[in-house]
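Listed below are the residues making up each chain.
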Amino acid sequence: MEATRRRPKHSSNSVSPDVTEEPAGQWGRAWEVDWFSLSGVILLLCTAPFQVFFFVMACDQYQCSVTQPLVELYSGEATLGSIWDKAPSFTWTAAQIYTAWVSLQVVLYMCVPDITHKFLPGYSGGVQDGARTPAGLINKYEINGLQSWLITHALWYANAKYFHWFSPTIIFDNWIPLLWCTNILGYSVSTFAFIKAYLFPTNAEDCKFTGNVFYNYMMGIEFNPRIGKWFDFKLFFNGRPGIVAWTLINLSYAAKQQELYGYVTNSMILVNVLQGIYVLDFFWNEAWYLKTIDICHDHFGWYLGWGDCVWLPFLYTLQGLYLVYNPVQLSTAHAAAVLLLGLTGYYIFRSANHQKDLFRRTDGKCSIWGKKPTFIECAYRSADGCLHHSKLMTSGFWGVARHLNYTGDLMGSLAYCVACGFGHIHPYFYIFYMTILLVHRCVRDEHRCRSKYGKDWKRYTDAVPYRLLPGIF
Ligand code: NDP
């Protein structure tokens, strides 16, 4: 392992070996397994794959109506069996496509060291440090996601334009059979990570067992499972097979619209452009991503493993799927409003994330909105008992609300949905889901921060009282 134990001095998150000071809040995975969390875990494990199937099947069999299948089931016109029988099943063609896809991403991740950072000014790629884990390790990561995205899309373009090895509609044409394949990988990787945590964990000190098997399986035991020195499960599965595919899936939907109707609607172009910006932003900032909750605090289990393989590619792309079945052409005013909402949301999301990153990197020695940032000094203890010091910024977006980055993300998510018009509720699933995800994440994060920083966190929430919407929440 290329992980090092580091104790930097007098930086943000600096450490002091003085363990006799007044104890600050502990950190690590903070959630206790109460009956409420446990029932949520079991419910999700049992129903999530069917939720994904439902939304994809609703388009395949009911033109994306989510109420019609329920009405037909209620009236007896359809049965669960008849719906299931009509849905395409697993095919070996889909298995070959998916195997080729995942293999390509593994090769690009493992065998092609990043060179883009050498000629793209401002881009941080190549070998980068992650954040310190609860056990005090700092892992190294090869950041080459942008390069993988560029190569993959160049290959896609070259195929569509020159080689014609496969149709650009290939993803849409195999969509439900591919759902089977992604589930096979999602469950396999989650189960493997679960067993690995017991038998050969990468960093035993960073494992967390709650005593509940379902919770452990879902929320993960190992913090940063790896195979060998560089194959990091979290970085690979979070970014590569799912998020690289996101833009290709949307392109495949656009190609299908072209094939079916002879044109591509402005709504489809908007969805492709706005989601494309979000995906490119993710890869441009992949080094920053190493400092987000996914990498810094979540353990790797079904939630991340299956979620990245299945939930993300199928449910984050529902708008494009919907538009294949319902080709909405928006008025200029509607399209302009969607673009404005999407770009404003993106601006808030990116600027808020950038402000925090800059503040933490420079230990507060920077300019936020033209002024020196204000902050609250705080302290916490890591699992080894050492006392660390950190700062919580109260300037810029972080002085307006405690998670304005989530608010911007939600505005962008709403824009994707509104791009589909108001004909069906189907494409709006995304904004419902993102609201639940980000509000839950906010509560989860604040619970952790409260136990990490103790009374200092209270000083921060007194200074910045609202979470997502100033004056409301
Ligand atoms: P944040 O980037 O908001 O990070 C939260 C952490 O930042 C806290 O745990 C704390 O960490 C630190 N922090 C909190 N307040 C302050 C402050 N005032 N000053 C300095 N540091 C502070 O959360 P995420 O990692 O969840 O999100 C990253 C981005 O990814 C967000 O924009 C989110 O919208 C997006 N996202 C998108 C998802 C999607 O599916 N589309 C899913 C999840 C996230 P510490 O312990 O270091 O103090």
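Residues numbered from 1 in each chain as written. Predicted model: local features only at pLDDT ≥ 70, side-chain atom pairs only at ≥ 80, totals over all residues. Heavy atoms only, no water.

Caption draft 1: Highlighting unusual backbone geometry. Look at C64: it is not a glycine, yet its phi comes out positive at around 75°. Along the polypeptide, C64 turns up in the loop between α1 (35–62) and α2 (68–75). Phi is positive for D363, close to 55°, though the residue is something other than glycine. With respect to the helices and strands, D363 occurs in the loop between α16 (332–361) and β7 (375–381). The buried category is assigned to D363, whose relative accessible area is 13%. (Helix = DSSP H or I, 4+ residues; strand = E, 2+ residues; numbered from the N terminus. Buried < 20%, exposed > 50% of the residue type's maximum accessible area, 1.4 Å probe, protein only.)

Caption draft 2: Region of interest: the site of the ligand. Residues in contact with the ligand amount to 26 residues; listed here are only the nearest, Y316, R441, D445, K452 and Y453. Note that an oxygen atom of the ligand is positioned 2.6 Å from one of the side-chain N or O atoms of K452. Protein burial of the ligand: of its 920 Å² of free accessible surface, 92% is covered by the chains. Taken together, the elements giving at least two residues each to the shell around the ligand come down to α16, β8 (387–393), α18 (404–418) and α19 (429–453). When its residues are assigned to classes, the shell around the ligand shows 14 nonpolar, four polar and eight charged. (Near = heavy atom within 4 Å. Polar contact = N/O pair within 3.5 Å; in protein donor to acceptor, adjacent residues only side chain to side chain. Areas by Shrake-Rupley, 256 points an atom, 1.4 Å probe, with all protein chains shown as cover. Nonpolar A, V, L, I, M, F, W, Y, C, P; charged D, E, K, R; others polar.)

Caption draft 3: Inspection of the pairing of β8 at higher detail. By the criterion of burial, β8 is predominantly enclosed, with six of the seven residues buried. Direction of pairing for β7 relative to β8: antiparallel, over a ladder of seven bridges. For F375, the partnering residue across the bridge sits in β8 and is M393. (Pairing = 2+ DSSP bridges.)

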